[in-house]
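A structural walkthrough
Spelled out from the first residue to the last, the chains are:
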Amino acid sequence: MIRAIFYDAGHTLVRPRAEIDEVWDFLAHQLGMHIPEERRTAFPDVAAFFYSRLGEDGLGSYASDRAARAFWSEYYAYALQPVAPGLPREEILSAGNALYDWYAEPAQWEPFPETIDALERGRARGLVQGVVSDWGSDLLPILHAHEITRLMDFVVASAVVGSSKPHREIFLYALARAGVGAGETVYVGDSYLADVLGSRAAGLHPVLIDREGKAPPIDAPVVRALTDVLDVVGRIDAAG
Ligand SMILES: [Mg+2]
């Protein structure tokens, strides 16, 4: 019997509010330079950077605020290199730092349209609900500002507990916090590696959220919206 749903935060419960152009404006301002339209390309894939660049060591990048900030500054420096080739690396890193601070502001995030409704339904079903996220200690004020914490029993941010996904420890910590067993818990996230494989390794029931329907067929239930997670819970209970 499922007694709890744990949620990933970024791109599962909340998304960045700003369009890419606004991010480029911010960076151009920080660097004191004009960045022409044709250079304002999409940012490189974060997960690909994360794992290819840092490998196994990268898995601990969210285990402290310092590590998370260092990771993102490196990432932005990498993304900015082709745009600002002549600038000293220190200057590019400092623009990355400023962007990290910008994203720590609750106003830069917004819940998905169905987030609050889905969480209210989970709560009405009497399920324990919590957040397990690779995030800095700024996560709590962000979730609080968007009225998500009122529907949660706890929030676990990797930088606060010193362990990040996909390692088992962060999931085991959350289970202990919630007072539920791994087999009684569903974990919802948008990353196959961090969320599906990580939570499964800790014994939870993984669910992948794929709002755009882009994921290839995988060995776990896939939902298009958070409001569909309760259907998966029903199926797990029925198979019980
Ligand atoms: Mg995510």
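Residues numbered from 1 in each chain as written. Predicted model: local features only at pLDDT ≥ 70, side-chain atom pairs only at ≥ 80, totals over all residues.

Before going further, it helps to spend a moment on the domain arrangement of the chain. Assigned domains within the chain: domain 1 (4-14 + 111-239) and domain 2 (17-107). Its C-alpha centre places domain 1 at a distance of 26 Å from the equivalent point of domain 2. Taken residue by residue, the interface counts 17 residues in domain 1 and eleven residues in domain 2. Of all the elements in the fold, those that place two or more residues in the side of domain 1 that touches domain 2 are α6 (139-145) and α7 (158-161). Top element by residues in the side of domain 1 that touches domain 2 is α6. It accounts for three residues. Looking at side-chain class alone, the side of domain 1 that touches domain 2 contains six nonpolar, nine polar and two charged residues. (Domains from an automatic or database assignment. Contact = placed C-beta atoms within 7 Å. Helix = DSSP H or I, 4+ residues; strand = E, 2+ residues; numbered from the N terminus. Nonpolar A, V, L, I, M, F, W, Y, C, P; charged D, E, K, R; others polar.)

Look at helix α1 (residues 20-31) against helix α4 (residues 89-103): their axes get within 9 Å of each other, and the N-to-C directions meet at 135°. Considered as vectors, α1 and α4 are oriented oblique to each other. Considering the relative orientation of α1 and α4, their crossing is right-handed. Where α1 approaches α4, its residues F26, L27, Q30 and L31 are matched on the opposing element by E91, A95, A98, L99 and W102. Residues belonging to the contact of α1 with α4 are distributed by class as follows: seven nonpolar, one polar and one charged. (Axes fitted to C-alpha atoms, helices over the stretch in contact; angles between N-to-C directions. Parallel < 35°, antiparallel > 145°, perpendicular 65-115°, else oblique. Left-handed = near helix turned anticlockwise from the far one by under 90°.)

Moving on, we come to unusual backbone geometry. With the exception of glycine, most residues fall at negative phi, and the peptide bonds are largely trans. In this chain, K165 is followed by P166 through a cis amide linkage whose omega measures 5°. On the secondary structure map, P166 appears in the loop between α7 and α8 (168-178). The phi torsion at E147 lies on the positive side, around 60°, for a residue other than glycine.

It is worth spelling out the sheet that holds strand β5 (residues 154-157) at this point. The strands making up a sheet associate through hydrogen bonds between their backbones, and the pairing can be parallel or antiparallel. Judged by pairing direction, the sheet is parallel, and its six strands sit side by side in the order β5-β4-β1-β6-β7-β8 without closing on themselves. Where the open sheet ends on each side, the last strands, each with one partner, are β5 and β8 (222-223). Bridge analysis of strand β7 (residues 205-209) against β8 gives two bridges, and the strand direction is parallel. What sits directly across from I209, in β8, is V223. (Pairing = 2+ DSSP bridges.)

A separate point is α1. Counted at 1.5 Å a residue, the expected span for α1 with its twelve residues is 16 Å, and the 17 Å between its end C-alpha atoms agrees. Looking one or two places after α1, you find G32, whose phi comes out positive at around 65°. (Expected span 1.5 Å × (residues − 1).)

The subject of this paragraph is helix α9 (residues 192-201). Because an α-helix completes one turn every 3.6 residues, residues spaced three or four positions apart along the sequence face the same direction. Buried residues of α9: Y192, A194, D195, V196, G198 and S199, and no others. Tucked inside the fold, the buried residues of α9 contact α8, β6 (185-189) and β7. G203 occupies a position one or two residues after α9 and carries a positive phi of about 95°. (Buried ≥ 20, exposed ≤ 12 C-beta atoms within 10 Å, placed from the backbone.)

The biggest cluster of nonpolar side chains holds 58 residues, and the ones touching the most others in it are I5, V131, A174, V186, V188, V207 and V229. Two domains each donate at least three residues to this core, and these are domain 1 (4-14 + 111-239) and domain 2 (17-107). Residues contacting A174, with those up to four places away along its chain left out, are F6, G130, V132 and V156. (Core = buried A, V, L, I, M, F, W, Y, C linked by C-beta atoms within 7 Å.)

Here strand β1 (residues 4-7) shows no split at all, with A4 and F6 on one side and I5 and Y7 on the other all buried. Pairing analysis gives four bridges linking β1 to strand β4 (residues 128-133), with the strands arranged parallel. Looking at the pairing, I5 lines up with Q129 of β4. Where β1 lies against β6, four bridges are found, and the strand directions are parallel. Following the sheet pairing, A4 is matched in β6 by T185.

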